[in-house]
Amino acid sequence: GQNIDQPTEMTATEGAIVQINCTYQTSGFNGLFWYQQHAGEAPTFLSYNVLDGLEEKGRFSSFLSRSKGYSYLLLKELQMKDSASYLCAFYSNDYKLSFGAGTTVTVRA
Amino acid sequence: DTGVSQDPRHKITKRGQNVTFRCDPISEHNRLYWYRQTLGQGPEFLTYFQNEAQLEKSRLLSDRFSAERPKGSFSTLEIQRTEQGDSAMYLCASSHPDGTSGYGYTFGSGTRLTVV
């Protein structure tokens, strides 16, 4: 496997910023995805990084360092609806996605 | 196109029974994937198809599990002689041929299986 590692849980207050880190083994790397999953629902696409650096998309940004096998997802101006599980996913060069266990983010008022 | 469709959404079955799930991918996607997800975990890869060819099966997929994609369109996942440990969400996803569209996979809503 890719040994994808991300924290289990994070809690933050509404309007704050939260950063979810993800590390992975670099062998066979073809991209790094972040998905959001609300309880009982399917994962939905948030971001994709294949080159080093920061990709910004509204309130959500994702960063990648290929040499370090490291990515993070940054959620800004947190809203209650952002309470969900966030999945880091390694995209390999045989076109498979391998997921981490997910980070449950709880947003408090 | 309404995205990836899975049927049924929920299935409750008795231990030892056989169950079959269906997935209809996005029509222009030629890759189709099956994943299994249990509570508190990320999706685990089971198998995938390129057109009608099954290219890889995970070691998680025991011989009680079989998947088909006979015409390169919809796919079925069958579990024979179900066990309580098979209780999970079964997710289907599809993707563009080159997989580099930047949108990754599109997931269906899943089939939640409960074995009693």
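What comes next concerns the included structure. Since the model is a prediction, treat every value here as computed from it, not as a measurement.

### Focus on the interface of chain A and chain B
Listed by partner, the interface residues are 17 residues for chain A and 23 residues for chain B. Carbon and sulfur atoms make up 56% of the area that chain A and chain B hide from each other, which totals about 1,600 Å². Considering only the side of chain A, the residues that lose the most area to chain B are A:Y95, A:K96 and A:F99, jointly responsible for 30% of the buried surface there. Our count for the contact surface shared by chain A and chain B stands at one salt bridge. The partner of B:E56 in a salt bridge is A:K96, and the shortest N-O contact between them spans 2.7 Å. Run the count over chain A and chain B and you get nine residue pairs in polar contact (both at pLDDT 80 or more). Listed by contribution, the elements that provide at least two residues to the side of chain A that touches chain B are strand 3 (29–37), strand 4 (44–49), strand 8 (84–92) and strand 9 (97–99) of chain A. With three residues, the single largest contributor to the side of chain A that touches chain B is strand 3 of chain A. Looking at the side of chain A that touches chain B residue by residue, the classes come out as 12 nonpolar, three polar and two charged.

### Details of the layout of surface pockets
Empty space within the second largest pocket amounts to approximately 410 Å³. Around the second largest pocket sit 20 residues that line it, and B:Q37, B:T38, B:L39, B:G40 and B:Q41 are the ones nearest its centre. Among the secondary structure elements, those contributing two or more residues to the lining of the second largest pocket are strand 8 of chain A together with strand 9 (88–95) of chain B.

### Some details on the sheet that holds strand 1 (residues 5–7) of chain B
All names here are of chain B. One open sheet holds the four strands; their spatial order is 1-3-8-7, and the pairing between them is antiparallel. Each of the sheet's edge strands pairs with one partner strand only, and the pair in question is strand 1 and strand 7 (65–68). Across the sheet, the mean angle from the axis of one strand to that of its neighbour is 15°, orientation sign disregarded. Relative to strand 8 (residues 75–79), strand 3 (residues 19–24) runs antiparallel, the two being bridged by five bridges. Among the inter-strand pairings, F21 is bridged to a residue of strand 8, identified as L77.

Scoring rules and cut-offs
- Residues numbered from 1 in each chain as written.
- Chains lettered and ligands numbered in written order.
- Predicted model: local features only at pLDDT ≥ 70, side-chain atom pairs only at ≥ 80, totals over all residues.
- Heavy atoms only, no water.
- Contact = heavy atoms within 4.5 Å.
- Buried area = accessible area lost by both parts, 1.4 Å probe.
- Salt bridge = Lys/Arg side-chain N within 4 Å of Asp/Glu carboxyl O.
- Polar contact = N/O pair within 3.5 Å; in protein donor to acceptor, adjacent residues only side chain to side chain.
- Helix = DSSP H or I, 4+ residues; strand = E, 2+ residues; numbered from the N terminus.
- Nonpolar A, V, L, I, M, F, W, Y, C, P; charged D, E, K, R; others polar.
- 1 Å grid on protein atoms, 1.4 Å probe; cavity = no way out; pocket = protein on both sides within 12 Å on 5 of 7 lines; lining within 4 Å.
- Points joined across faces, edges and corners; volume = space filled by probe spheres on them.
- Pairing = 2+ DSSP bridges.
- Axes fitted to C-alpha atoms, helices over the stretch in contact; angles between N-to-C directions.

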